[in-house]
Amino acid sequence: MQSKLQCLVLMGLLALVSVAVQSQSITLTGKVVTGDSRVALPGVNVSVEGTTTGTSTDANGAYRLNLPSGNSTVVFSYIGYVTQRVEVGGRTQLEVSLEEDNKSLNEVVVVGYGTVRKSDLTGSLASVKAKDINAFPATNVLQALSGRAPGVQVIQNTGAPGAAVSVRIRGTNSVQGSNEPLYVIDGFPTSGSNPTILNNSDIESIEILKDASATAIYGSRGANGVVLITTRQGKAGQMRVDYEGSYSVQSLRKKLDLMNAREYATFYNEQAANDRLAPYFTQAQIDSFGEGFDWQNLIFRKAPMQTHNLTVSGGNEKTRFSVGGSIFNQDGILINSDYKRYSLRANVTSDISKKFNLTYGATLTKIQTSRQNNGGGNRGGSLISAAISAPPTLTPYNDDGTYRVLATAYPFISNVLINPLNYIYQQTDRIDANRVLANAALTFKPVDGLSIKLSGGIENSDDRSDFYTSTQFINSQGSASVSSTRGTSLLSENTISYLKTLAQKHSISAVVGLTYQDFLNTSLGGSGNGFLSNVTETYNLGSANTPGIPSSGYSFATLLSYLGRVNYSYDNKYLLTASFRADGSSRYSEGNKWGYFPSGALAWRVSEEDFLKSSAFISDLKVRASWGRTGSQAINPYATLNNLLAGKTVFDDALYNTFAPGTVLPGNLKWETTEQTDFGIDAGFFNNRYRLTLDYYIKNTFDLLNTVQLPVGFGFTSTIQNVGEIQNKGLEVALDARVIDKAFKWDLSGNIAFNRNKVIKLYGGKDILGGNVGVTLISDAANLLREGQPMSVFFGYLENGYNEQGRVVYQDLNGDKVINQLDKAIIGNPNPDFIYGLNSTMSFKGLELTMFWQGSQGNDLLNVSSINNTLDYGFGLNMPREVFTNHWTPDRPNAKYPVISRSNTYNYSNRLVEDGSFLRLRNIQLAYNLPLQQWGVSWMRNAQIYASGQNLLTFTRYSWWDPETNSQGGANSIGQGIDHYSYPTSKAVTFGLRVGF
């Protein structure tokens, strides 16, 4: 009996142990591969169904997951592949094969005030993902768009750290107003022109809305396109920590080949002989000079750049979060120029209940910039101008260690040529900026398919600029100026969205909304001259001998809008989108304050028709057409009001304050309106292995706003009027291909865009001049707007060789034997014939090689820098060696440059216009994904080390430093394609690390 009892107890204990073992957690390991090729898939989400436990595969497709029990169900999901759910059944090892989802067009993309499946898009949209955005370190996230999105031209105005970037989507639309797109960050339409507050690693994706069907929902700010930026969001599951750091070494891409000391002295002796002057240098001096001093080496350096980004994300089914911090620190290749950015970002989403959802996002950024006086200048009157022009026969220091005074070194030298050391060490130009962007939204879902969203946000910017010239700067008693600007924008957006599917074939989604946004800007400035000491610099303006007159400013504008959009789909084949927005702006005149912006689009998914469904060649085909109107506010807040200007006047011996009408006559103005028609094709071939997108568009902007001069004696000098019309039309092509899909993978993506811009109509048919060729030798307007011509063409004289004395002869186009303004002609076009980009990614096991090429073809550049340094022979400026070897002599009548004489005179001519086309290896990267699984490292999710190079190769005919420049460019600048001593673009080598925990 006792033995039986012991057996029963033992059997019970074994049963309990068995149950305990079954209920204990186990560790599951394995690998995820693709279907047929069985290639490892990195980054696959692996999670336990019904829990928050999860991980992702490493670079070799391996994963390691702790399961609560051996009976768990594990979910394997990856974008572009069919999700699998697998019951573990007590196994500890599991290999899973994921099949490619041919319906990957179900991927959701962000559009204005909502999201939509990619397959249901009826408008023209380009998307750039996080991997491409974060491919290389950049001061501005917009640089990541260059060459990656068809029809999007990114122009880097200069190569200075933190320099402005201009973006043109499908050409230029406006003269008076901004041509920058609207930037929307996590649903907040920002008031700034560039999203400088963001670090590249903060961004999940960027969508560029291009046609009116996509942009009309933004009404009066959608004419130039819309850039939607989505920052990284938290996901339910195991908490993740991601870090990326990089270190770069930047250097000057190329040096200008200037004359050495012997050539310089020989050159100016020839100038003296041609002008019947005594030689400046003896032969003994020339022989002793040698190569001389290299002033480019003085101001340019190898400069470091480093980035550090840390992101923590995670959460559960109710609350998800993503918090990130980043540091970007770039020293410029010009000494004492730099750019520093520190940012902190947080996104939180919480499902309060089944019906209420709360989201909050905030980005805090601090930016510090030190700039150098480099742009523009004349005969050595700026840092870069001085470094090129300084004689190689001279050194920067005297024997006693003081700065050499270049302006008096020789009797024939420029009296404004300043030793570059003055700019580098005795002048400071700093900007300290703080940026805040915060928004929150409450979403209520009373019934299935209906969402009511109440959201609000604030954007705030505080900038302080300090400029100081010390008492040790040549001929300076010390001068200081301080300016401070603040911009605040408050936003309230309230929308109702509805989504419903009827009879399994009719799908309807709609959104209506009411939005309000205001824009407050204030400014304050002060200055002073004459300081006893440099200790306080700009921090004690009251100590100046001569205080400047303080200044301040204020502006306020509001925008109230109603919007609505309906999307209808029948059987996933026939798609319709219609939208409407009404904008009311305080900027416009009574009776014209409201603008109305409708749009409509149709699309047909031909590949869903029975006659094409079984095609092995065409796996996806959609044709679409759209039409719509968008607008541009294009004027300052008080342009339609009669402004009074403050002044001072003297009566007897007393000074009195005055107010008087301004010089600009207020006008009764209407909105600038852009009407656009777009025809597009989206196609996939061979199971979507190859994807093609084509778009043809015609875009007309009418009621164009611009300043019009008034007759003398009218009382007002100018007014703003609706003056004309501009047209852009073009073709965009994008192709993505999986060239090889074996163990070795090769992906190619390329795009090319052709845009033709034309001025259709101007006020009274009169030309509009813009830009500036502003040096003593030549002073003229650089660019021209003329009916029938592209925007901002170059307008000057045509050369006709040399006369018997070797001086330039200009063509007499009207035959009156006089060279004057009537002989001017169009001599160049800064608008490219086409822009393009090509990205190649090759991978094998853990290695990945990426090359990204970007280029522009057919655009001209106006080389203003070359005026002083190839033609201005009377002021002792150094010049390219080519001028020394290829100038006019009786034996070289067809030389490139004229006779070397200070008595030459010049006009703004085609000599100064060069081909600005280029092809650039924007980035090349070799990365290695460490085999953590093989090494038994379970505490790291992934790890990648990489080496990359930026701008290592550039193919161009442009003679100066770099073809990618736009000195006078800006949001509303007519002056385009001008290079006037611009800060050169650098090349860089980068080493980096990306790890996930």
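Residues numbered from 1 in each chain as written. Predicted model: local features only at pLDDT ≥ 70, side-chain atom pairs only at ≥ 80, totals over all residues. Heavy atoms only, no water.

Break down the overall build of the protein chain for me, citing the residues and quoting the values.
The helix and strand tally for the protein chain stands at 12 helices and 54 strands. Relative to the 2.2 N^0.38 estimate, which gives 30 Å for 997 residues, the radius of gyration of the protein chain is 33 Å and therefore close to what a compact globule would have. Each principal axis of the C-alpha atoms in the protein chain carries an extent, and together these give about 135 × 70 × 65 Å. Each of the 997 residues in the protein chain was classed as buried or not, and the buried ones make up 52%. Taking all contacts inside the protein chain whose residues are at least 6 apart in sequence as the whole, residues at least 24 apart take part in 69%. Of the roughly 43,600 Å² of accessible surface on the protein chain, a fraction of 56% belongs to carbon and sulfur atoms. Across the protein chain, the mean location of the 84 positive side-chain charges is 6 Å away from that of the 81 negative side-chain charges. (Helix = DSSP H or I, 4+ residues; strand = E, 2+ residues; numbered from the N terminus. Rg over C-alpha atoms; globule rule 2.2 N^0.38 Å. Buried < 20%, exposed > 50% of the residue type's maximum accessible area, 1.4 Å probe, protein only. Contact = heavy atoms within 4.5 Å. Areas by Shrake-Rupley, 256 points an atom, 1.4 Å probe, with all protein chains shown as cover. Lys, Arg positive; Asp, Glu negative; His and termini not counted. Charge placed at Lys NZ, Arg CZ, Asp CG, Glu CD.)

Can you tell me about the sheet that holds strand β13 (residues 182-185), naming the residues and giving the values?
An order of β10-β15-β16-β13-β14 is seen for the five strands of this open sheet, with the pairing classed as mixed. Where the open sheet ends on each side, the last strands, each with one partner, are β10 (125-129) and β14 (188-189). In terms of strand pairing, β13 meets strand β16 (residues 226-231) through four bridges, oriented parallel. Opposite Tyr183, over in β16, you have Val227 as the bridge partner. (Pairing = 2+ DSSP bridges.)

Lay out the environment of Ile299 with the relevant residues and their values.
Its location among the elements puts Ile299 in helix α6 (residues 295-299). Expressed as a C-alpha distance, the spacing of Ile299 and Pro420, which sit 121 residues apart in the sequence, is 7.4 Å. Among residues more than four places away in sequence, those in contact with Ile299 are Ile333, Leu334, Ile335, Leu383, Ala387, Pro420 and Ile424.

Which residues make up the sheet that holds strand β6 (residues 84-87), and what are the values?
The sheet built from four strands is open, its strands ordered β3-β2-β5-β6 with antiparallel pairing. If you trace the sheet from one side to the other, it starts and ends with β3 (54-56) and β6, each paired once. Across this sheet, the average inter-strand angle for adjacent strands is 20 degrees, counted without regard to direction. Taken together, the four bridges between strand β5 (residues 73-77) and β6 define a ladder with antiparallel strand orientation. If you follow Phe76 over to β6, its bridge partner there is Gln84. (Axes fitted to C-alpha atoms, helices over the stretch in contact; angles between N-to-C directions.)

Got a sec to walk through the nonpolar core? Specific residues and values, please.
Nonpolar side chains tend to gather and get buried jointly when the protein is soluble and globular. Residues Leu862, Tyr873 and Tyr908 are the most contacted members of the largest nonpolar core, which totals 71 residues. Elements that contribute at least two residues to this core include exactly α4 (261-274), α6, α7 (383-389), α8 (420-425), β44 (808-810), β48 (860-863) and α10 (865-871). Discounting chain neighbours no more than four positions away, the residues touching Tyr873 are Phe267, Tyr268, Gln271, Met879, Val883, Tyr897, Pro898, Val899, Ile900, Ser901, Asn904 and Tyr906. If you look at the next biggest cluster of nonpolar residues, it comprises 25 residues, including Leu145, Leu198, Val227 and Leu437. (Core = buried A, V, L, I, M, F, W, Y, C linked by side-chain atoms within 4.5 Å.)

Any details on the packing of aromatic side chains? Residues and values, ideally.
By the definition in use, this model includes 33 aromatic pairs. Centroid distance Tyr397 to Tyr403: 6.1 Å. Interplanar angle 55 degrees. Geometry classified as tilted. The class for Tyr397 is partly exposed, based on a relative accessible area of 39%. You can call Tyr403 partly exposed: its relative accessible area is 23%. Ring pairing ties together the aromatic residues Tyr264, Phe267, Tyr268, Tyr280, Phe281, Phe289, Tyr410, Phe412 and Tyr873, which thus form one cluster. The positively charged end of Arg148 is found above the aromatic ring belonging to Phe852, 3.8 Å away from the centroid. (Phe/Tyr/Trp six-rings, centres within 6.5 Å; stacked < 30°, edge-to-face > 60°. Lys NZ or Arg CZ within 6 Å of the ring centre and 35° of its normal.)

Summarise the pattern of salt bridges; cite the residues concerned and give the values.
Summed over the entire model, instances satisfying the criterion amount to 48 salt bridges. Residues Arg232 and Asp242 are paired through a salt bridge, measuring 3.7 Å at the closest nitrogen-oxygen approach. In this pair, Arg232 is assigned in the loop between β16 and β17 (237-252) and Asp242 in strand β17, connecting sequence segments 10 residues apart. The class of Arg232 is partly exposed, set by a relative accessible area of 21%. (Salt bridge = Lys/Arg side-chain N within 4 Å of Asp/Glu carboxyl O.)

Go over the confidence of the model for the protein chain, please, and point to the residues and values.
Mean pLDDT over the protein chain stands at 89; residues scoring 70 or higher make up 95%. Of the regions scoring below 50 in pLDDT, residues 1-23 engages in five contacts with residues more than four places distant in sequence or in other chains. (pLDDT = per-residue confidence, 0-100.)

Can you tell me about the environment of Thr889, naming the residues and giving the values?
Checked against the element boundaries, Thr889 lands in the loop between α11 (881-885) and β49 (913-915). Considered as a pair, Thr889 and Gly806 are 83 residues apart in the sequence and their alpha carbons are 7.0 Å apart.

Summarise a nonpolar patch on the surface; cite the residues concerned and give the values.
Together, Leu847, Leu849, Leu926, Tyr928, Ile945 and Leu993 give the surface a local cluster of nonpolar side chains, amounting to about 470 Å² of exposed area. Relative to the helices and strands, Leu993 is located in strand β54 (residues 986-996). What makes Leu993 partly exposed here is its relative accessible area of 32%. (Patch = residues over 30% accessible without salt bridge, like charges linked within 9 Å, V, L, I, M, F, W, Y side chains within 5 Å.)

I'd like a rundown of the pairing of β5, residues and numbers included.
With respect to burial, β5 is a largely interior element, four of its five residues being buried. Pairing of strand β2 (residues 45-48) with β5 involves four bridges; the strand directions are antiparallel. Bridged to Ser47 within β5 is Val75.

Tell me about the pairing of strand β27 (residues 551-570), and name the residues and values.
In this structure, strand β25 (residues 506-529) lies alongside β27, joined through 20 bridges in antiparallel fashion. What sits directly across from Gly525, in β27, is Ser551. As paired strands, β27 and strand β28 (residues 574-585) are joined by 12 bridges and run antiparallel to one another. Residue pairing for β28: Tyr570 is matched across the bridge by Tyr574. Hairpin connection from β27 to β28: three residues lie between these consecutive antiparallel strands, with Asp571 at a positive phi of about 60 degrees.

Just give me the short version of α4, but keep the residues and values in it.
With 14 residues, α4 should reach 20 Å at 1.5 Å per residue; the first-to-last C-alpha distance of 20 Å fits that figure. Taken together, the buried positions of α4 are occupied by Ala261, Glu263, Tyr264, Ala265, Phe267, Tyr268, Asn269, Gln271 and Ala272. Contacts from the buried residues of α4 go to α5 (283-289) and α11. Where α4 starts, the residue carrying a side-chain oxygen 3.2 Å from the main-chain nitrogen of Arg262 turns out to be Asn260. Downstream of α4 by one or two residues, Arg276 has phi in the positive range, about 55 degrees. (Expected span 1.5 Å × (residues − 1). Polar contact = N/O pair within 3.5 Å; in protein donor to acceptor, adjacent residues only side chain to side chain.)

Go over the side chain of Asn751 with me, naming the residues and quoting the values.
Counting through the fold element by element, Asn751 comes out in strand β37 (residues 744-761). For Asn751, a relative accessible area of 10% puts it in the buried group. In this structure the side chain of Asn751 is engaged in a polar contact, spanning 2.8 Å, whose partner is the backbone oxygen of Gly147.

I'd like a rundown of the side chain of Asp202, residues and numbers included.
Relative to the assigned elements, Asp202 resides in the loop between β14 and β15 (203-209). Judged by relative accessible area, Asp202 falls into the buried class, the value being 2%. Side-chain polar atoms of Asp202 contact the side chain of Arg345, separated by 3.4 Å. Setting aside chain neighbours within four positions, we find Asp202 in contact with Thr231, Arg232, Ser326, Ser343 and Arg345.

Which residues make up unusual backbone geometry, and what values do they have?
One non-glycine residue, Asn336, adopts positive backbone phi at about 65 degrees. Here Asn336 shows up in the loop between β19 (319-331) and β20 (338-351). Although it is not a glycine, Lys845 sits at a positive phi angle of roughly 55 degrees.

Please give an account of the environment of Lys131 that cites residues and values.
In this fold, Lys131 is placed in helix α2 (residues 130-133). Since its relative accessible area comes to 56%, Lys131 is described here as exposed. Put simply, Lys131 and Ile217 are 86 residues apart on the chain and 29 Å apart in space, counted from C-alpha to C-alpha. Of the polar contacts made by the side chain of Lys131, one reaches the side chain of Glu848; its length is 3.2 Å.

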